[in-house]
Amino acid sequence: MDAMNRKTAGSGPETDEARAARDADVIVVGAGPTGLLLAGDLAEAGLGVTLLERRPATLSNLTRALAVHARTLEQLDARGLADELIAGGHRLSALRLFGEATVDATRLRSRFPMVLITPQFEVERLLERRARRAGVDFRHDSEVLGLDQDADGVTLRFRNAEGIGSLRAAYVVGTDGVRSTIREAIGQPFPGKSVIRSLVLADVRLAQEPDSPFTVNANDDAFALIGSFGNGWYRVICWSRRHQADDDAPTGLDEVREITRLALGSDYGMHDARWVSRFHSDERQAPEYRVGRVFLAGDAAHVHSPAGGQGMNTGLQDAANLSWKLVAVLRGHSPDSLLDSYQTERHPVGKQVLRSSGALIRLALLHGAPGRALRALAARVFNRLRPLSGRAVRAISGIGIAYGAGPGAHPLVGRRAPDIRLADGGRLYELLRQGRFVLLTPANEPGLAQALTGKGDHPRPVEDRFLTASWQSGRRTALLVRPDGYIAWATDATAPAERALALRTALLHWTGAAPEDGASIGAVRPAALTPPAHAADRPGGR
């Protein structure tokens, strides 16, 4: 399939024959955190999901991530998983970036003002359990060979112990890592470069416990990080300027000890390494996250340095952004064009993470007297300028990420919704566990009943596609919150008729019309980032 056809596949209406020919609604390739969260979301929404993974089920993923940031914890909270994960990890109030520069997570306006230190496999364990309970069809030891897509779906070819087979689905999502087979199959390049070579990872036990569950330092010769798993094991990530080797060069515990002593002054009595590995860290990003009916997410779409611990977190946010959009399109609530907003919203985020993590790792590895002086100066400026450090902690934590809004949209549109307290004593993120939009209005909203009633030939919203709730406070703003916790629409209009029209327009735009009204998706304005603003929704409008 040529590039033009790959981009336009999937734009037409779906037929009953196309649906009947599928083995699944969505095939997810790669059972890391990104793929597991995405597959679980789709299956909980009632879609048929097959997850292909090259590794055997018995082979654990020797993963690198240790930090779970506040926005990721909010997303896990919206799936009922955050509290369990936190119970088994270490909470940090601050995260050291470079030199003496630190970000203070307690400044975050979130239910989770922290950085949680926990191994990636604990995140995967919870997400896999959820996905299996939701009915995801796991197929381990399955290697993808290629794919073909057309206007009705995608046929994926794979090899497993039984031989070569194929599966067909409406959409395929590649979450299969840096060496993504899916990315290659859709002809996407992965431009970029290596930012640091010969990083060494190890899981070890320590005779002496460090003062902090997350210990890190860098000097002219070396860098080292030690993070606690909380069960007697520790992850070590280290690098030596003196020893730059290829990924396949042999390494062992002696090298880890030596580098750690150079960077931290002690190896803390390391012993019993269960594995040691050498790797390099790249800065790369695919130009397109969507090609026809195929999507890329997580490391398959973007990779960057480990500075700031943003890798796994960014991938999980990709999955949260994409999952509800696939559900809306496959259920017929929204047109296929909604899926284009995945690229529009998430590609800039990936690009920003590449820039910020790259700047952090380069500052951390400056050497020589001029480099040390520059790093020390940057750290002092960073720590003293609270607006600067505040922006940094919001960006690294994900709390500050916002998506673009259309011209004239309400100032809240595209922003993350905080965990708002509701009139019934509950929380917004508890409602989001149902995977639907949440319409938040003042108590006894006068325009809601009118908004839900169609008149004449006008379509009406479908009430079971969204939840309604009221502010605990006396705020009069009405908000429509997306399933991923971002604000899709807001209004400050107060006139009853005007407010009812604004509510109805927003609900029809984002959740679709009742089919019994004879309204198809095409009768509702195609979903984009935001609908055209009502006059009262514009900043300063009434």
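The structure we're discussing is the one just above.
Parameters and conventions
- Residues numbered from 1 in each chain as written.
- Predicted model: local features only at pLDDT ≥ 70, side-chain atom pairs only at ≥ 80, totals over all residues.
- Heavy atoms only, no water.
- Helix = DSSP H or I, 4+ residues; strand = E, 2+ residues; numbered from the N terminus.
- Contact = heavy atoms within 4.5 Å.
- Phe/Tyr/Trp six-rings, centres within 6.5 Å; stacked < 30°, edge-to-face > 60°.
- Lys NZ or Arg CZ within 6 Å of the ring centre and 35° of its normal.
- Buried < 20%, exposed > 50% of the residue type's maximum accessible area, 1.4 Å probe, protein only.

1. Considerations on the environment of Ala328
1) Next: As for its position among the elements, Ala328 is in helix α9 (residues 311–330).
2) Next: As a C-alpha pair, Ala328 and Gly512 span 184 residues in sequence and 9.0 Å in three-dimensional space.
3) Next: Leave out the neighbours within four places in its chain, and Ala328 touches His333, Ser334 and Leu338.

2. Structural notes on the packing of aromatic side chains
1) Next: According to the stated counting rule, one finds eight aromatic pairs in the structure shown.
2) Next: Here the aromatic rings of Phe295 and Tyr342 are separated by 6.1 Å at their centres, their planes lie at 70°, and the arrangement is edge-to-face. Remark: Tyr342 occurs in helix α10 (residues 340–364) and Phe295 occurs in strand β18 (residues 294–296); sequence separation between them is 47 residues.
3) Next: Ring geometry for Trp324 and Trp510: centres 6.4 Å apart, planes at 50°, overall tilted. Residue Trp324 is found in helix α9, and its partner Trp510 is found in helix α15 (residues 496–511); the two are separated by 186 residues along the sequence.
4) Next: The structure contains a cluster of three or more aromatic residues connected by ring pairs, namely Tyr171, Tyr289, Phe295 and Tyr342.
5) Next: When the ring centre of Phe190 is taken as origin, the NZ or CZ atom of Arg183, which lies over that ring, is 3.7 Å away.
6) Next: Between the NZ or CZ atom of Arg274 and the centre of the ring of Trp233, over which it lies, the distance is 4.3 Å.

3. Description of the environment of Leu52
1) Next: Relative to the helices and strands, Leu52 resides in strand β2 (residues 49–52).
2) Next: We classify Leu52 as buried; its relative accessible area is 1%.
3) Next: For Leu52 and Asp137, which are 85 residues apart along the polypeptide, the C-alpha to C-alpha distance reads 8.5 Å.
4) Next: Dropping the residues within four chain positions of it, Leu52 is found in contact with Ile27, Val28, Val29, Gly30, Ala31, Arg139, Ser142, Val144, Leu156, Phe158 and Leu167.

Geometric descriptors of this kind do not, in isolation, establish any biological role.
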